[in-house]
Amino acid sequence: MSKYRVSNSYKAVLIGGSAGSFQGVTRILSTVPKDFSLPIIMCLHRLKHVRHGFEEALSIKSAKPVTEPHDKESIKKGRVYLAPSNYHLAVELGNTFSLSTEGAINNSRPAIDVTLDTASYTYREKVIGILLSGANKDGAMGMKKIKDRGGLTIVQDPQECMIDTMPTAAMSLTTIDYILGIDQIIEFLLELDQQYR
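What counts and what doesn't
Residues numbered from 1 in each chain as written. Predicted model: local features only at pLDDT ≥ 70, side-chain atom pairs only at ≥ 80, totals over all residues. Heavy atoms only, no water. Axes fitted to C-alpha atoms, helices over the stretch in contact; angles between N-to-C directions. Helix = DSSP H or I, 4+ residues; strand = E, 2+ residues; numbered from the N terminus. Parallel < 35°, antiparallel > 145°, perpendicular 65-115°, else oblique. Contact = heavy atoms within 4.5 Å. Nonpolar A, V, L, I, M, F, W, Y, C, P; charged D, E, K, R; others polar. Phe/Tyr/Trp six-rings, centres within 6.5 Å; stacked < 30°, edge-to-face > 60°. Buried < 20%, exposed > 50% of the residue type's maximum accessible area, 1.4 Å probe, protein only.

Student: Sorry, what's going on with the packing of helix α1 (residues 22–31) against helix α2 (residues 54–61) here?
Tutor: Between two packed helices, the angle of one axis relative to the other and the distance separating the axes together describe the packing. Where α1 meets α2, the closest approach of the two axes is 8 Å, and the angle between their N-to-C directions is 45°. Relative to α2, the element α1 is oriented oblique. Between α1 and α2, the residues in contact are Phe-22, Val-25, Thr-26, Leu-29 and Ser-30 and Phe-54, Ala-57, Leu-58 and Lys-61, respectively. Of the residues belonging to the contact of α1 with α2, the class tally is six nonpolar, two polar and one charged.

This is the structure we're talking about:
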């Protein structure tokens, strides 16, 4: 019997993070199987003037290639996507991405809230949101939108975070389904993957 609420009805896994999240993200990416069933869509705060290197650094650690999607690109199962530097990344009806250079939200572009909100609108109850360590409140409203639309919400345990502002803000805004350490998040994702085998 699984200790988590996992099923084979989900369409995507979303991961948001900022300061202090890189180590957790690389541990997750290095552990999920190369043939992990769902798309993983990541929105991580990054320096807008540094265009290259981040995607490559994640790919080195990852069991799966990490790519920055193009505007209107179709979202495919089993891929890992990273929001490009200095662009908001939205998930559109029709299972495609869109990129925009609209103003910063929560002082961030890409903003985690944009990715989580649009993905929850597109996938409704069939999306999983994971929010990791970070120094501002970006992502909290997006996690509330996921919860309000029936999706599953996970935050990194604030006691484990390098900076706990981001998960704590989400916890204060909505009821989070699971508060987990990185090892438990990995365990959850592995159990989830088994549902698709």
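Now that the structure has been shown, the text picks up again.
Student: Explain the packing of aromatic side chains to me, please; I cannot follow it from the model alone.
Tutor: By the definition in use, this model includes four aromatic pairs. Look at Tyr-4 and Tyr-178: their rings are 5.4 Å apart centre to centre, the planes differ by 90°, and that puts the pair in the edge-to-face class. A residue pair is termed long-range when its members are at least 10 positions apart, and Tyr-4 in the segment before β1 (12–17) and Tyr-178 in strand β9 (residues 178–180) qualify at 174 residues. Here the two residues Tyr-4 and Tyr-178 agree in accessibility, since each one is buried. With centroids separated by 4.8 Å and ring planes inclined at 65°, the aromatic side chains of Tyr-81 and Phe-97 adopt a geometry described as edge-to-face. With Tyr-81 in strand β4 (residues 80–82) and Phe-97 in strand β6 (residues 96–100), the pair connects residues that are 16 residues apart, well separated along the chain. Take Tyr-81 and Phe-97: they sit in the same class, and that class is buried. Ring-pair connections join several aromatic residues into one group, and the members of that group are Tyr-4, Tyr-178 and Phe-188.

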